[in-house]
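Chain by chain, the residues:
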Amino acid sequence: MCPNRTVVRAEALGWLAEHPAPEGASVVTSLPDVSELSGATLDAWRAWFSGAVKAILGWIPERQVAVFYQSDIRFRGAYVDKGYLVMRAAEDVGAHVLWHKIVCRRPPGTIAMGRPSFSHMIALSRVPRPPSARPGPDVLPDAGEMTWSRAMGLAACEVACRFLATEIGATVVVDPFCGQGAVLAVANRLGLDAIGVDLSAKRCRAARSLSLSVPA
């Protein structure tokens, strides 16, 4: 039986508020940068970002997990550590950090003048969980192919989705900011149902149609 994929055009946090999480639903997502929130100041975006992390943690079922994939930014000369922002929001609501991985978006040693050449991938749980039975590397040397400029690399998507399937028992992967659907396609490839939400009609169409080959 083929896994399902549902992509909804909607404002993510409003959609989460109106739709209870399906049983077995975990989240893998990347929250938007300040440049993607029209007219937002840095302080307003920080507040929104923190609220979004908390909303997602409050939405997932108690025994499920949220994985945040975030790349730091430089904004008007200031370095913004989005990994810290995720951790701070988790601390505010008493969530538990299961792991924090660094994902190389460019080869180690690359000198990056703009956005840093690595991303954070952080798994959070509402309740304590035992240590991983099959721990993976703390540093991923390659994020994998990117299906568009703001996508989460496919290798990183697979690490996150496989962890949810094998160790958390997730049956549905939800990406409330799904873009063109890399997370959804990888989840389907691993046999998981997927739900995506995005404001852009163009990105929703791409997310519905993105197909990945099944590894041999």
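These notes cover the structure that comes with them. What you see is a predicted model; the values in this text were computed from it and never measured.

### Quick notes on a positive patch on the surface
Together, R9, K202, R205 and R208 line one region of the surface with positive charge. A per-element tally of the positive patch places helix α6 (residues 201-209) first, with three residues. Its location among the elements puts K202 in helix α6.

### Regarding helix α4 (residues 154-168)
With 15 residues, α4 should reach 21 Å at 1.5 Å per residue; the first-to-last C-alpha distance of 20 Å fits that figure. Along α4, the residues that are buried comprise L154, A156, C157, A160, C161, F163, L164 and I168. Just past α4, the residue G169 takes up positive phi, approximately 80°.

### Comments concerning the sheet that holds strand β3 (residues 65-70)
Strand order in this open sheet of eight strands is β1-β10-β9-β2-β3-β7-β6-β8, and the pairing throughout is mixed. Edge positions in the sheet fall to β1 (5-9) and β8 (139-140), since each has one partner strand and no second. As paired elements, strand β2 (residues 25-29) and β3 share three bridges and run parallel to each other. Across the sheet, V28 pairs through a bridge with V67, a residue of β3. Most of the contacts of helix α3 (residues 82-92) go to strand β7 (residues 118-125), to which it runs at about 10°, and overall it touches β3, β6 (96-104) and β7.

### Here's the deal with the pattern of salt bridges
The tally for this structure, following the rule as stated, stands at seven salt bridges. With a closest N to O distance of 3.1 Å, R150 and E36 form a salt bridge. Pair noted here: R150 is in the loop between β8 and α4 and E36 is in the loop between β2 and α2 (42-59), with a separation of 114 residues, a long-range link. Under the relative-accessibility criterion, E36 is labelled partly exposed at 36%. Salt-bridge contacts for R88 lead to D92; the nearest nitrogen and oxygen are separated by 3.7 Å. With R88 and D92 both in helix α3, this residue pair falls four residues apart, about one helical turn. Given a relative accessible area of 43%, D92 falls into the partly exposed group. One network of salt bridges, in which partners are shared, links K54, R88 and D92.

### Remarks on the pairing of β2
Put simply, side chains in a regular strand alternate between the two faces of the sheet. A large share of β2 lies buried, amounting to five of its five residues. Residue alternation in β2 divides its side chains into two sets, A25, V27 and T29 and S26 and V28, and both sets are buried. When β2 meets strand β9 (residues 172-175), the two strands line up parallel, connected through three bridges. Opposite A25, over in β9, you have V172 as the bridge partner. Considered for its hand, the β-α-β crossover made up of β2, α2 and β3 is right-handed.

Rules behind the numbers
Residues numbered from 1 in each chain as written. Predicted model: local features only at pLDDT ≥ 70, side-chain atom pairs only at ≥ 80, totals over all residues. Heavy atoms only, no water. Patch = residues over 30% accessible without salt bridge, like charges linked within 9 Å, V, L, I, M, F, W, Y side chains within 5 Å. Areas by Shrake-Rupley, 256 points an atom, 1.4 Å probe, with all protein chains shown as cover. Salt bridge = Lys/Arg side-chain N within 4 Å of Asp/Glu carboxyl O. Lys, Arg positive; Asp, Glu negative; His and termini not counted. Charge placed at Lys NZ, Arg CZ, Asp CG, Glu CD. Helix = DSSP H or I, 4+ residues; strand = E, 2+ residues; numbered from the N terminus. Expected span 1.5 Å × (residues − 1). Buried < 20%, exposed > 50% of the residue type's maximum accessible area, 1.4 Å probe, protein only. Pairing = 2+ DSSP bridges. Contact = heavy atoms within 4.5 Å. Axes fitted to C-alpha atoms, helices over the stretch in contact; angles between N-to-C directions. Right-handed = clockwise from strand over helix to strand, strands pointing away.

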